[in-house]
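Coordinate inspection notes
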Amino acid sequence: SLSSRHCPWKMNQLPPKSAVASPVSESTNSRGEALDNLSMDSFWLEVENIKQSAEAEQEECSLADVKTQEEGEAEADWLQDAGLAELLGEPAGDKDNLVLLSTLTRTQAAAVQRRLDTYSRSRRRRNKHPVRDVRDIFAASGSQDTAAEKEESSPDPLWHNLRTSNTQRKTQDYSCTVRNPGKEEVFNMDVAYSEQAAVLLKGSFLSEPRKLKDGNGLTRFKIPKGRLGVTRIGDLSAQDMKKIPTLALIELTALCDILGFELKRNKAAKLKTTEKRLFGVPLNTLLENDQKLLPNTKVPLLLQALLSCLEKRGLETEGILRVSGSQTRIKSLEQKLEKDFYSGLFRWDDVHQNDVSGLLKRFIRELPAPLLTAEYLPAFAAVQNIPDLKQRLQALNLLILILPESNRNTLKALLEFLSKVVAREKNNKMNLWNVSTVMAPNLFMHKGLPNKIPEGKEKQLAEGAADVVRVMIHYQDLLWTVSSFLVAQVRKLNESNSRRYQFCDKRIKNLLRKIHADKDKVEKNQGEPSKVVKVHASLLLKDSLEVHLNNATRVADVLRQFQKNLCQNGWNIVNTVNLLKCNNSTECTNLLLYEVGGNIGEHCLDPDTYLLDLYHINPHAEWIIKQNPSCPRMF
């Protein structure tokens, strides 16, 4: 977690509902007044329902207690997860990951250095062999922007500034200016979040308690589109997305260092096996079974069925999610689902909506490991301690990128449904805060996780957990975006890895000449005001589209030109079965342009991407037009 003090809580150690059911009163927390008379009754009612359900069934922990890692052990695991195992003096599975050191920003490099220093000290205390010094690695990378190149006798002035500024934080909050609820603000994704925070640290920004009202009062953030557009989760290939969690972990750690929070993660525990097929089954196991029936399934079929049933018949139901169904009926329905779900014999039309919502919450709670993962659930909970909303969103964005793909996809499906519930508030009487307070216990309480709640902090932690859920629901589109600075780091990693593989080739002399020729070509291209390129659409056409690029050419322009040629020139169309027809013409919004190869695996491009800029960054990529696999892409 960002601090080991703020761990999630066990069900059997929660305070009684009556002790804390009242709305928020004064608190020492800077956001103590932020909830502004928003009731926590739904939260504690849900806690009581969960507790009664667990007691009635005398459930045992399905997950062994998770122990907080000791000094040295935590840093070693962090370096392993960050792809830097070689710094520990141990053989790494993928040595090419060391090239990421040359891509790190100054704050990210400082975060790596601090963890390696802590690990080295712990090893020396145990009289172990010394580990590799990270300065050797950073020096070898040739990077001039990393803090790790500093001599040990000359501490990093940025880190020194961070430490000395901690004493001033009680009276001065550097992290936020006065925010106007409801007003639109810029959310910068071009510069690393930790670098932005370091710049703010140098300033003097007076804090003001912000009253966080319900959805309409939350600040609106806009991601400014640069020349390369915006990248959403799902736009990158699986190969490139595998690099993102490592980079996001390093960046999150650097951001926490700047903000003065300690990023401690729980150690993953061994899951106990179960004879069930649906409830209490690990997400990956569920998906493996589902994919045997429906390949490419990304969200468990049971969860899809539960959400679909509620969307069809439950969105208008007053108190949906809040009003609990019968525990006896819910348990009976669970048994019927275990027996009949995959055979298709289960009759959803016979189930009451409140029982379906109870099954939904039960499915989430019964996962052997929390949906937000055992490792990072405390970090999600501790996000509440970051005083500035924008920086809370930055931390959440990185945490979501760190999540395993199955957890991230499942969480997104859930949040999209919760957003639909909030959109029907006039009928179902469930506003954003109501939904958040009901769902927070189901996401943040897990029977197998440790409980360390300081006395008198129950209410503050409960409010904070509900606020984190509210932020995730309200800002989910922003949170499911891959920052431009991370995409740039992925490109650098791919370029470095590509060169390393080339050096191992027997034809090294020819390859070296090719590298230099490519470099000269790229440098030459930087000054070209225009370029003629070919765009392929092999699945749709036998011919290629020749495109004249200038500084104003966007992806949307190319797709329109492609559509025009289809209609006017009578191109030889290979496959028109699934093309969207509208007034005898092909609708370009059903087509997408992909950047493939070069320094990227595959990248679905934002329609507002300026292609000449993209060409200069990745001149060796192919551009391929494909059909949208789902619905028209909206930005």
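Up top is the structure these notes are about.
Definitions and cut-offs
Residues numbered from 1 in each chain as written. Predicted model: local features only at pLDDT ≥ 70, side-chain atom pairs only at ≥ 80, totals over all residues. Heavy atoms only, no water. Helix = DSSP H or I, 4+ residues; strand = E, 2+ residues; numbered from the N terminus. Expected span 1.5 Å × (residues − 1). Buried < 20%, exposed > 50% of the residue type's maximum accessible area, 1.4 Å probe, protein only. Core = buried A, V, L, I, M, F, W, Y, C linked by side-chain atoms within 4.5 Å. Domains from an automatic or database assignment. Pairing = 2+ DSSP bridges. Axes fitted to C-alpha atoms, helices over the stretch in contact; angles between N-to-C directions.

Let us now look at helix H19 (residues 458-474). Its 17 residues give H19 an end-to-end C-alpha distance of 24 Å, which sits within 8% of 24 Å, the value for a rise of 1.5 Å per residue. Burial analysis of H19 places 14 of its 17 residues in the buried class, the great majority of the element.

It is worth spelling out the nonpolar core at this point. In this structure, Leu-321, Phe-380 and Phe-444 are the most contacted members of the largest nonpolar core, which totals 131 residues. Take this core: its biggest share by element is ten residues, from helix H9 (residues 244-259). Residues lining this core come from more than one domain, with at least three contributed by each of domain 1 (68-88 + 96-124 + 184-199 + 219-263 + 481-511) and domain 2 (283-373 + 394-450). In terms of nonpolar packing, the next biggest core, distinct from the first, is built from 21 residues, Leu-549, Leu-605, Leu-612 and Tyr-615 among them.

So, on to the sheet that holds strand S10 (residues 600-604). With respect to topology, five strands assemble into an open sheet ordered S6-S5-S11-S9-S10, the strand pairing being mixed. Each edge of the open sheet carries a strand with a single partner, namely strand S6 (545-549) and S10. For this sheet, the mean angle separating the axes of adjacent strands, direction not counted, is 30 degrees. Two elements, strand S5 (residues 531-536) and strand S11 (residues 622-627), share two bridges in a ladder whose sense is parallel. Across the sheet, residue His-536 finds its bridge partner in S11, namely Ile-624.

Our next topic: the pairing of S6. In S6, alternate side chains face the same way, and those of Leu-545, Val-547 and Leu-549 are buried while those of Glu-546 and His-548 on the opposite face are not. As judged from the five bridges shared by S5 and S6, these two strands associate in the antiparallel manner. Bridge assignment links Val-532 to a residue of S6, and that residue is His-548.

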